[in-house]
Amino acid sequence: MTIISSAFLKQLWLTFGASLAFLIIGLVRGYSASAIPSIEANDPSLIQHSEQKSWIGAIPPLGAFVGSMLSGPLMQKAGRRRTLQLTAPLWAGGWLLLGFAPGFALILVGRFLSGLCVGFVLAPAQVYVSECCDPEIRGRLGSLPTLSMSLGILISYVAGNWLYWRHLAFLSATFCAALFIILLPLPESPVWLKSRGLDAEPAINWLQLSSRAVAVAKDEEERPEKSMEVEPKSLFTREVFCSSAVMKPLIVGFALLIFQQFSGIDAVIFFTVEIFQSAGSKLDAMTATIVVGTVQLLSNGVSTMLVDRAGRRPLLLLSAVTMCASMAAMGAAFYFQFEAESWLGYLPIVSLVVFMLGFSLGFGGLPFLLLGELFPAHYRSQLSAMASAVNLLSMFTVIKSYHALEGVLTSAGTFWMYSCFCFLAFIFVVFMVPETKGKSLAEIEEHFRGKKKQKEVVQLQTIS
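Calculation notes
- Residues numbered from 1 in each chain as written.
- Predicted model: local features only at pLDDT ≥ 70, side-chain atom pairs only at ≥ 80, totals over all residues.
- Heavy atoms only, no water.
- UniProt positions renumbered as here; feature names shortened; annotations may be inferred.
- Helix = DSSP H or I, 4+ residues; strand = E, 2+ residues; numbered from the N terminus.
- Buried < 20%, exposed > 50% of the residue type's maximum accessible area, 1.4 Å probe, protein only.
- Areas by Shrake-Rupley, 256 points an atom, 1.4 Å probe, with all protein chains shown as cover.
- Salt bridge = Lys/Arg side-chain N within 4 Å of Asp/Glu carboxyl O.
- Contact = heavy atoms within 4.5 Å.
- Phe/Tyr/Trp six-rings, centres within 6.5 Å; stacked < 30°, edge-to-face > 60°.
- Core = buried A, V, L, I, M, F, W, Y, C linked by side-chain atoms within 4.5 Å.

Looking at an unreviewed UniProt entry, one finds the protein chain named Major facilitator superfamily (MFS) profile domain-containing protein and attributed to Iphiclides podalirius. Per UniProt, the protein chain has the following entry under Subcellular location (unreviewed entry): "Membrane".

A. Region of the structure containing the overall build of the protein chain. Scanning the protein chain for helices and strands turns up 19 helices and zero strands. Burial analysis of the protein chain (464 residues in total) assigns 61% to the buried set. As presented, the protein chain carries roughly 17,500 Å² of accessible surface, and 68% of it is formed by carbon and sulfur atoms.

B. Layout of the pattern of salt bridges. Counted under the stated rule, the structure contains four salt bridges. Where Glu 131 meets Arg 80, a salt bridge forms, and the shortest distance between an N and an O atom there is 2.9 Å. Highlighted residues: Glu 131 in helix α4 (residues 104-131) and Arg 80 in helix α3 (residues 80-100), separated in sequence by 51 residues. Here Arg 138 ties to Glu 373 by a salt bridge, and the two come within 2.9 Å at their closest N and O atoms. With Arg 138 in helix α5 (residues 135-160) and Glu 373 in the loop between α17 (366-371) and α18 (380-432), the pair connects residues that are 235 residues apart, well separated along the chain.

C. Quick look at the environment of Pro 367. Relative to the helices and strands, Pro 367 resides in helix α17. Spatially, the C-alpha atoms of Pro 367 and Leu 257 are 6.0 Å apart, while their sequence positions differ by 110 residues. With residues near it in sequence (within four places) discarded, Pro 367 still touches Leu 256, Leu 257, Gln 260, Leu 316 and Gly 362.

D. Summary view of the packing of aromatic side chains. Throughout the structure, instances matching the rule amount to 13 aromatic pairs. A centroid spacing of 5.5 Å and a plane angle of 70 degrees characterise the contact between Tyr 31 and Trp 95, whose relative ring orientation is edge-to-face. In this pair, Tyr 31 is assigned in helix α1 (residues 6-42) and Trp 95 in helix α3, connecting sequence segments 64 residues apart. By relative accessible area, which is 0% here, Trp 95 ends up buried. Considering the side-chain rings of Phe 355 and Phe 359, the 6.2 Å spacing of their centres and the 20 degrees angle between planes classify their relative orientation as stacked. Of this pair, Phe 355 and Phe 359 both sit in helix α16 (residues 347-361), four residues apart, which is roughly one turn of the helix.

E. Representation of the nonpolar core. Trp 91, Trp 95, Leu 256, Phe 363 and Phe 415 are the most contacted members of the largest nonpolar core, which totals 136 residues. Of all the elements, α18 adds the most residues to this core, at 17 residues.

F. Local environment of the side chain of Ser 263. Tracing the backbone through its elements, the reader meets Ser 263 in the loop between α11 (244-262) and α12 (265-270). Classification of Ser 263 as buried rests on a relative accessible area of 0%. In this view, Ser 263 contacts Met 323, Met 327, Phe 355, Phe 359, Tyr 418 and Cys 422; residues no more than four positions away in its chain are not counted.

If you want it as structure tokens, here you go:
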């Protein structure tokens, strides 16, 4: 009989609390796919043309970009847990505004607010989990937020199939209240407490973290007394920003999050129903949407179980290859316009199911997991917020450009372009992404310093 330790259960509880924020992100991402058909069917006067539809889908990432730029200073000053908790009421307000919106303008304001809150929580939630878990289980627990995001998307798809779009917004608001309540008894991140000169022992004891989880990574090992006295320099000095401990993980993190978006994932999620209708799939568009959402959830679950066994790199490589092939097949489905009576009429649904499977196995969650692992401890708040901002700006670009690219490249050319980005992602992972499986955050930090670590005298605050 397997005995589950209390340390695992407590860290799992904390992870579930933080993952609820990602579930609400999934509700934001999946909302437009269900809400736009509902608005067109029940309130057609609210949407007059396709440009308005694209803004309903694209404005949340724009708000999230703004939020992510503010989240760095916020989670550095207020803490990871408190940032999540403070965001919950504002998030609920955004959903309620969306639900009560009398016209298109307030729909956009509600969507912008919901996106703003996505930016507020995206980095803090993942960093909170990574800093509060033992290295041996950090991969599995660190993948749960992405699994929750997939669940949120699926909830939005399924509920949106029978709920009026306003009622779907009200349902989403209830999850924000749950987020606020579930975080109340949880401790703050020990890393943040240490960085603010506060007592981290109660949090460490509550979480029952191992000695490896709270290991030290020092720049100046021969002068520890001086290291404790010197205030860490600003991230934006040339000495710090260009150091290998900052620049190397920054390049890896930024690139993975950019490739994640330019795989075409959010064009698929935000416009799933429209894509199936345009492709002439044999399967009903709403049913196909739910199938895609279910596959994403299940494959994220598989990734969560594999990430601490197979490692990050193999899953990312398998993910990139699968996405490349499926996007190429999706382009072929649009280019050849197979007859619905033919078995090839199922190619659009098969292509997107395979794409979601591949995406969820690697690029769906692992870039966010690495976001909490790669960056040095003292600058993790700022760097993870910057990486989130890059990711969200890429998301906005992909969503807002989708219809324009269809007009220029055709639908087939657009999906083939996404396939090319997936191929580039594969090449990047092969040559640039290190394996972090089983390593403590301090060991990962030392890896990026490499042979130069004795020469670098940048003071990087770390946990002790």
